[in-house]
Amino acid sequence: MATSVVLVVAILTATSTVEASGDVSSGARSTRVRRQTGELRQEIPAQFNQIYQGSVFNGTEDIYRYSYMQNESSPRAIRVEVKSQGASEDYPLLFVVRQQRGILSWQVPLMIRGIYGYDKVSRTLCPMDHLQTGVKDERETVYLEVSAASPAALNYRVNATILTDFSLSTGQSRNFLVSPSQPQYYAYKMPPDLDMVVVKVSSPSNLCAVFSLQPIKCPVYDLDRNIEFVGIYQTFMKKAAITVQKSYFPNGEFYVVVVVKATDSDCTGEMETIQPANPSDEAFEMRRVKEVTVVVGPSITDSQYVTAVFVGILVFVLFYVVTFMVLFIQWIRQRNAELEGLAPRPEEQGYAGIATNAEAPINAQRTEPNYGATGWDRVKMPSVLDSAFTDGLSLNHITILGKKLSKNTSPSTEKEANISTNKPTTDPYSMGEQPIETKPGIPPTDQPNGPPMPTNPPPPRPAQSKSYPKPPMVHTLSDSSMEDDIDMLDDADEDKDIYRTKTFLYVADLARKDHRHLSQKYNLYSWNLLTISVFYALPVIQLVITYQKMLNTTGNEDICYYNFFCAQPAGDLTAFNNVYSNIGYIMLGVLILILVYRRDYTHQKKVDAGDRYAIDYGIPKHFGLFYAIGIALVMEGVMSGCYHVCPNYSNFQFDTSFMYIIGGLGMLKLYQTRHPDINANAYAAYASLAIVIFVAVIGVVFGTPYFWAIFTVVYVLAILALTAQVYYMGRWRLDMGIFHRMYLLIRTDCLQCSKPMYWDRFVLLLVGNIINWSLALFGAVGQPDDFASFMLAIFIINFLLYFVFYIVMKLRSGERILWVTVGLIIITLICWTLALSFFFKGVTTWEKTPAQSRLDNKACVLMGFYDDHDIWHFMSAISMFCSFLVLLMLDDDLDYTPRDKIPVF
């Protein structure tokens, strides 16, 4: 009975085989394989480039034997193509290839992800020529076994060809077709004169594919399910590139493997509707066929690499050289002036500049009473009292040593306070109507924009007794009654109201606190930032090193968003150029610290020498915020370098955190310039910036419409609160009576007044509110994907707005801008324009998938080493350096101007 069944099956098999011959194209050589009656296993001597058709069923097996001569000098590979339309997922055809050193197997239909079945499969066998070095002209035999477990005969077709063009050459492109069931790979060996090459793939199709570089060994992983097992790989759509060093692979040899994904979800990030394949539908397989071009080109040489690195650092070394040359020349001029006994005239120091209406400054047109006090008026209070009496103020509003002086103040109290209300002070440092004593090397002054050189100096003053009445010191470092203690008193609040709510304010009105205490307060900015930087940077460095090790271990280059068309490796770093280009931030940040220290040291020497122009004139010198800005610029370089070790969605905030801090500190410094007494303290400033960074992270991770709604409301409320804080110089309260006061404000200032009480501040805040409300509306409606950049844009726009307002008000007030500063402003604008032009070119974007990000990848544009983003690093570092120099030198024209003649805006 069993014999009869076998005979019936054999007859059916023979009949099926004959029918299958009709499927073969008339242009191809084909051979029909016939099974002898009762024969279950047969071996067929096969030839390359010939199609064999046969059928198998349960218990039967066809074995094809191929032989060829190995050739080490010209490696070749065998490619096997099989097809069967009768096989199914339940009863597939099984194909096994036996070679000398390995076995390769697959089934038809080939199931991709357990859903997509392909009835046509092409595989390249692992070539032995690369593995048997030193063995020449040896015959290799390959066996292809075909079997099935189906009770019915399954027809198949098989063809094997020899790939004579299996090896890739440097600089030559190779075109081929790939699909999920028909992957392709080729071999490449670096020539002896190359140590690094760039392997690029491109395609006109948007189909998602995987591009892999694997070592020369068997098996070669070329299917979607296993291509990630070994080597280096990337997903791509239209283009991709991998830079390879010879040390990555033994002898610089590797396979270039390409396979198409079954769906595009890995490249687009969007889930697709799964549609099982119909084995009889050939159009289904054609929809996933992708045309690919591979080219292996040389990278830059070692000498070019070293030259690019050296030039990058040389650019910023030149900044040091030029800066120290200027400082040396300035030191020589000052030394010569000291030897001659005369200080250089202000116009000789570069004090000639530009001004509007310089002959009639704005403060000369104001006739309002002056409540101001100079630097020494903070210490010697008689001038403050005289001004109070002259302007009709009550003594009840004058506070000295934390006590109110009333009309019935006892003589003992007055004596104790060393205050005389019926005679002018004889203190040579008083800013009353006393004649000014000239000192060697210090020019006298009686006008705001610089001391004149009188042709007829006044006669010398008669000798005065050196026993001046000791002025009452309001604040000393050893006092227990420091600034915070006095500010807590009610009468101190009344005193603030007198000075800060005047229609016209001068710097003297907002520079009444002890200078030493304020310096300590602002020095906290730099020390706190150092502490923050250390605790922030250490885990960041550890994290990005872990990312880089993970990439090197797994070979998954989708982890990091590099510009792979210009990624210059060094050691374990995949894109050393993107990390190294941040050196400009570090070097120029250190240079800013040096320049600030020099100014701080010079100013302190003048103060210690009793130079009244350093003590009482010009903008109060507080350098704590400048130190913090220099440290922030250095840390921006460090953190940006850490981010570019492995840029991705998870660590984007490393690159932007200190940009927020730099923008915030810049605005605070500009505001502190003429508001030294009422600027925010370091704790509040950094807490606010921490909240901003936290919101930026939430916006990127959870950028839902609900988040945007909440953010917009909070943003608008913050704008209103800041507007009130700036408009009233901090003299407002947020309590239950705020709405009533707002009603009175609108009724009096807006409805019944022809113009606001504080016109300059009103214009600034009006423009600022319009811009910020527009930004809030844009965010709520547009909801941009890159929320971190949106937040950074808010900081930059507001800083530029305040800076432009400051420049306009400075010129409107009749003040000058030194020609050196004007030149720096022009250079800064040019540098920022160039920097932003490179920034907006964009070579990567972590908001998209890695494959989509590679669509923006571009080749190197400078010395074959730096890309557009590297140039952005260079130019933005120079731009920020020039910007901070402008901040540092912007008010140098006021160094010889009394503070009670410098307007506040």
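Keep in mind that this is a model prediction, so the values were computed, not measured. (Residues numbered from 1 in each chain as written. Predicted model: local features only at pLDDT ≥ 70, side-chain atom pairs only at ≥ 80, totals over all residues. Heavy atoms only, no water.)

### Looking at the overall build of the chain
Consideration 1: The helix and strand tally for the chain stands at 22 helices and 24 strands.
Consideration 2: On the chain, roughly 42800 Å² of surface is accessible, and the fraction owed to carbon and sulfur atoms is 61%. (Helix = DSSP H or I, 4+ residues; strand = E, 2+ residues; numbered from the N terminus. Areas by Shrake-Rupley, 256 points an atom, 1.4 Å probe, with all protein chains shown as cover.)

### Describing the sheet that holds strand E4 (residues 61-69)
Consideration 1: Across the sheet, five strands lie side by side as E2-E4-E11-E6-E7; this open sheet has mixed pairing. Each edge of the sheet is formed by a strand with only one pairing partner; in this case those strands are strand E2 (41-45) and strand E7 (103-108). Between one strand axis and the next, the sheet turns through 20 degrees on average, direction left out of account.
Consideration 2: Two strands pair when backbone bridges link them, and strand E6 (residues 93-98) and strand E11 (residues 139-148) are joined in this way by six bridges, in the antiparallel orientation. The residue bridging Leu 94 from the neighbouring strand is Ser 147, located in E11. (Pairing = 2+ DSSP bridges. Axes fitted to C-alpha atoms, helices over the stretch in contact; angles between N-to-C directions.)

### Brief notes about the pairing of strand E18 (residues 239-245)
Consideration 1: Across the seven residues of E18, six count as buried, placing the element largely inside the fold.
Consideration 2: Note: strand E15 (residues 196-202) against E18, seven bridges, orientation antiparallel. Following the sheet pairing, Val 201 is matched in E18 by Ala 240. (Buried < 20%, exposed > 50% of the residue type's maximum accessible area, 1.4 Å probe, protein only.)

### Digging into the side chain of Asp 893
Consideration 1: The topology assignment puts Asp 893 in the segment after helix H22 (868-889).
Consideration 2: What makes Asp 893 buried here is its relative accessible area of 3%.
Consideration 3: Of note is the side chain of Asp 893, whose polar atom sits 3.0 Å from the backbone nitrogen of Arg 816. (Polar contact = N/O pair within 3.5 Å; in protein donor to acceptor, adjacent residues only side chain to side chain.)

### Focus on the pattern of salt bridges
Consideration 1: This structure, assessed with the given rule, holds 17 salt bridges.
Consideration 2: Ionic pairing is found between Lys 261 and Asp 224, a salt bridge with its closest N-O pair at 2.8 Å. On the criterion of sequence distance, the pair formed by Lys 261 in the loop between strand E19 (253-260) and helix H2 (265-268) and Asp 224 in the loop between strand E16 (209-215) and strand E17 (232-236) is long-range, its members being 37 residues apart. Neither residue differs from the other here; Lys 261 and Asp 224 are each classed as buried.
Consideration 3: Across the pair Arg 854 and Asp 558 runs a salt bridge whose closest N-O atoms are separated by 2.6 Å. Highlighted residues: Arg 854 in helix H21 (residues 850-854) and Asp 558 in the loop between helix H9 (515-554) and helix H10 (576-580), separated in sequence by 296 residues. Each member of the pair Arg 854 and Asp 558 is classed as buried. (Salt bridge = Lys/Arg side-chain N within 4 Å of Asp/Glu carboxyl O.)

### What about the state of the cysteines?
Consideration 1: Overall, the coordinates contain four disulfides when judged by the stated rule.
Consideration 2: Across a sulfur-sulfur distance of 1.7 Å, Cys 126 and Cys 218 are joined as a disulfide pair. When the S-S torsion is -90 degrees, as for the bridge of Cys 126 with Cys 218, the disulfide is left-handed. Taken together, the residues span a long stretch of sequence, with Cys 126 in the loop between strand E10 (120-124) and E11 and Cys 218 in the loop between E16 and E17 at a distance of 92 residues.
Consideration 3: Sulfur-sulfur distance for the disulfide between Cys 208 and Cys 267 comes to 2.0 Å. (Disulfide = S-S within 2.5 Å.)

### Some points on the confidence of the model for the chain
Consideration 1: Of the residues in the chain, 71% have a pLDDT of 70 or more, and the chain-wide mean is 76.
Consideration 2: Throughout residues 1-27 the model reports pLDDT below 50, and contacts reaching past four residues in sequence, or to other chains, amount to 25 contacts. (pLDDT = per-residue confidence, 0-100. Contact = heavy atoms within 4.5 Å.)

### Section: the packing of helix H14 (residues 653-672) against helix H15 (residues 682-701)
Consideration 1: At a closest axis distance of 10 Å, the pairing of H14 and H15 adopts a crossing angle of 140 degrees. Between H14 and H15 lies a crossing whose hand is right-handed. Taking contact as the criterion, the partners of Gln 653, Ser 657, Tyr 660, Ile 661, Gly 664, Leu 665 and Leu 668 in H14 are, on H15, Ala 685, Tyr 686, Leu 689, Val 692, Ile 693, Ala 696 and Val 697.
Consideration 2: Among the residues forming the contact of H14 with H15, the class breakdown is eleven nonpolar, three polar and no charged. (Left-handed = near helix turned anticlockwise from the far one by under 90°. Nonpolar A, V, L, I, M, F, W, Y, C, P; charged D, E, K, R; others polar.)

### What about the nonpolar core?
Consideration 1: Membership of the largest hydrophobic core comes to 122 residues, with the highest contact counts inside it found for Tyr 525, Leu 529, Tyr 660, Leu 665, Tyr 686, Phe 711 and Phe 787.
Consideration 2: Look past the residues within four positions of Tyr 686 in its chain and what remains in contact with it is Tyr 525, Asn 528, Leu 529, Ile 532, Ala 628, Ile 661 and Leu 665.
Consideration 3: In this structure, Phe 166, Val 197, Val 257 and Val 296 belong to the second largest nonpolar core, which totals 41 residues. (Core = buried A, V, L, I, M, F, W, Y, C linked by side-chain atoms within 4.5 Å.)

### Notes on helix H20 (residues 819-839)
Consideration 1: Relative to the 30 Å expected for 21 residues at 1.5 Å per residue, H20 spans 30 Å between its end C-alpha atoms, a close match to the ideal helical length.
Consideration 2: Of the positions making up H20, those classed as buried are Thr 821, Val 822, Leu 824, Ile 825, Thr 828, Cys 831, Ala 835 and Phe 838. (Expected span 1.5 Å × (residues − 1).)

### As for the sheet that holds E19
Consideration 1: Across the sheet, which stays open at both edges, the four strands sit in the order E14-E19-E16-E17 with antiparallel pairing between neighbours. Each edge of the open sheet carries a strand with a single partner, namely strand E14 (184-189) and E17. Geometrically, the sheet is characterised by an average inter-axis angle of 20 degrees between neighbouring strands, direction not taken into account.
Consideration 2: Taken together, the five bridges between E16 and E17 define a ladder with antiparallel strand orientation.

### Some points on the packing of helix H4 (residues 302-340) against H22
Consideration 1: Direction vectors running N to C along H4 and H22 enclose 10 degrees, while the axes themselves pass 12 Å from each other. One finds that H4 runs roughly parallel with respect to H22. Seen from H4, the contacting residues are Gly 312, Phe 316 and Phe 319; seen from H22, they are Phe 874, Ile 878 and Phe 881. (Parallel < 35°, antiparallel > 145°, perpendicular 65-115°, else oblique.)

### Considering the packing of aromatic side chains
Consideration 1: Overall, the coordinates contain 52 aromatic pairs when judged by the stated rule.
Consideration 2: Here the aromatic cluster, defined as three or more aromatic residues joined through ring pairs, consists of Tyr 305, Phe 316, Phe 319, Phe 576, Tyr 580, Phe 865, Tyr 866, Phe 874 and Phe 881.
Consideration 3: For the cation-ring pair, Arg 174 lies above Tyr 186, with the distance from its terminal atom to the ring centre recorded as 5.0 Å.
Consideration 4: The ring of Phe 565 carries the charged tip of Lys 239 above its face, separated from the ring centre by 5.2 Å. (Phe/Tyr/Trp six-rings, centres within 6.5 Å; stacked < 30°, edge-to-face > 60°. Lys NZ or Arg CZ within 6 Å of the ring centre and 35° of its normal.)

### Section: unusual backbone geometry
Consideration 1: In this structure, the amide linkage connecting Val 108 to the following residue, Pro 109, adopts the cis form with an omega of 5 degrees.
Consideration 2: Take Pro 109: it is sitting in the loop between E7 and strand E8 (110-112).
Consideration 3: Cis geometry marks the peptide bond from Cys 218 to Pro 219; its omega dihedral reads 0 degrees.
Consideration 4: Here Pro 219 shows up in the loop between E16 and E17.
Consideration 5: The backbone of Gln 783 shows a phi angle near 45 degrees, a positive value even though the residue is not glycine.
Consideration 6: Within the secondary structure, Gln 783 is located in the loop between helix H18 (759-782) and helix H19 (787-812).
Consideration 7: Positive phi, normally seen in glycine, also occurs at Met 863, with a value near 60 degrees.
Consideration 8: Note on Met 863: relative accessible area 35%, which makes it partly exposed.

### As for a nonpolar patch on the surface
Consideration 1: A grouping of Phe 310, Leu 314, Val 317, Leu 318, Val 321 and Met 325 is seen on the molecular surface, where their side chains present a nonpolar patch of about 530 Å² in accessible area.
Consideration 2: Here Leu 314 shows up in helix H4. (Patch = residues over 30% accessible without salt bridge, like charges linked within 9 Å, V, L, I, M, F, W, Y side chains within 5 Å.)

### Observations concerning the pairing of E14
Consideration 1: Counting buried residues along E14, five of its six residues qualify, which places the element largely inside the surrounding structure.
Consideration 2: Strand direction decides the pairing type here: E14 and E19, joined by six bridges, are antiparallel. Bridge pairing in E19 links Lys 189 to Glu 253.

### Quick look at helix H16 (residues 705-727)
Consideration 1: Look at H16: 33 Å from first C-alpha to last across 23 residues, which is about the 33 Å you get at 1.5 Å a residue.
Consideration 2: When H16 is considered as a whole, its buried residues turn out to be Phe 707, Trp 708, Phe 711, Thr 712, Tyr 715, Val 716, Ile 719, Thr 723, Ala 724, Val 726 and Tyr 727.

### Topic: the environment of Leu 223
Consideration 1: With respect to the secondary-structure elements, Leu 223 resides in the loop between E16 and E17.
Consideration 2: Spatially, the C-alpha atom of Leu 223 lies 9.8 Å from that of Ser 179, the residues being 44 residues apart in sequence.
Consideration 3: Leave out the neighbours within four places in its chain, and Leu 223 touches Leu 110, Arg 123, Pro 180, Pro 183 and Val 259.

### Some points on the environment of Cys 566
Consideration 1: Inspection of the secondary structure assignment puts Cys 566 in the loop between H9 and H10.
Consideration 2: Excluding residues within four positions of it along the chain, Cys 566 makes contact with Asn 577, Lys 858, Ala 859, Cys 860, Phe 865, Tyr 866 and Asp 867.

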